[in-house]
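# Working through the structure, step by step
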Amino acid sequence: MENLNVKNAVLVHGAFADGSGYKALYNELTKKGFNVIVVQNPLTSLEDDVLATHVALDRIEGPAVLAGHSWGGAVITEAGNHPNVAALVYIAAFQPDSGETALQWLQSAPPAPENGILPPDEKGIVYYGKEKFHAGFCADIDAEDAEFMYASQGAFYAKGFATPITKAAWRSKPSYGLIATEDKSINPDIQRNMYSRSNTIVEEVKGSHVIFMSQPEIVAEMIVKAAESVYA
């Protein structure tokens, strides 16, 4: 029988990052025969990031797995209503419901001491502090890669965190989630609470907030699992 599984993947990065962090995951997915697009979110608002994701989904011209990391989970929750989205994958990511914000989930548990998210500056932009970046954001990658990741973080406008989801795509599309058990940026219990109430199929991974960089094979396998759950 002909294999009708989805073979497209669209990857959405989070705050304090950019698309370059997905290189290792891109390599894993392309080796498995996936056509991959990495979205470069402007990080200026939820609406702008959703628009950038829709532009990528329009380009893919067919059913795709839409995966998001961290803030990217809020983005895919809204953008995932696009007709080309066949399944969703949340990588240590926010998963708000309709009417909810990423911020309310972030504040639902106390931050880890290692967490380095700074208050918004005078322009309303939030950055991740340099002193805590490695330990708080990406403890299981080497220091050199952490320094590059810090240098390439986007300017994240705080209003995105406080913008409610209008229609949560996970309510109508198959959803998969990876919980990073050593995450110091989004408390793992927050991830568990979000994914358990949405009946997301979950795997726990011992790793930092950036498991897509430190353990791309495991993340790729979850995307494969999501792709195999639906048919073109």
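In this report, we go over the structure that sits alongside the text. (Residues numbered from 1 in each chain as written. Predicted model: local features only at pLDDT ≥ 70, side-chain atom pairs only at ≥ 80, totals over all residues. Heavy atoms only, no water.)

### With respect to the environment of lysine 159
Formally: Runs of E in the DSSP output that reach at least two residues are strands. Runs of H or I that reach at least four are helices, and both are numbered from the N terminus. By definition, residues are in contact when any of their heavy atoms lie within 4.5 Å.
For lysine 159, the position within the fold is in the loop between strand E6 (156-157) and strand E7 (175-180). Taking C-alpha positions, lysine 159 is 37 Å from asparagine 5, a pair spaced 154 residues apart along the chain. In contact with lysine 159, other than residues within four places in its own chain, are Thr44 and Ser45.

### A few points about the sheet that holds strand E8 (residues 201-205)
Formally: Between any two strands, at least two bridges found by DSSP are needed for them to pair. Fitted lines through C-alpha atoms serve as axes, helices being fitted only where they are in contact, and the angles separating the N-to-C directions of these axes extend from 0 to 180 degrees.
Pairing in this open sheet of 6 strands is parallel, and the strands run E2-E1-E3-E4-E7-E8 from one edge to the other. A strand with exactly one partner marks an edge of an open sheet, and here the two such strands are strand E2 (35-39) and E8. Sheet twist, expressed as the mean angle between neighbouring strand axes with direction ignored, is 20 degrees. Alignment of strand E4 (residues 85-91) against E7, held across 4 bridges, turns out to be parallel. By the bridge assignment, valine 89 is partnered in E7 with tyrosine 176. Across the face of the sheet, helix H7 (residues 188-197) comes into contact with E4, E7 and E8 while running at roughly 165 degrees to E7.

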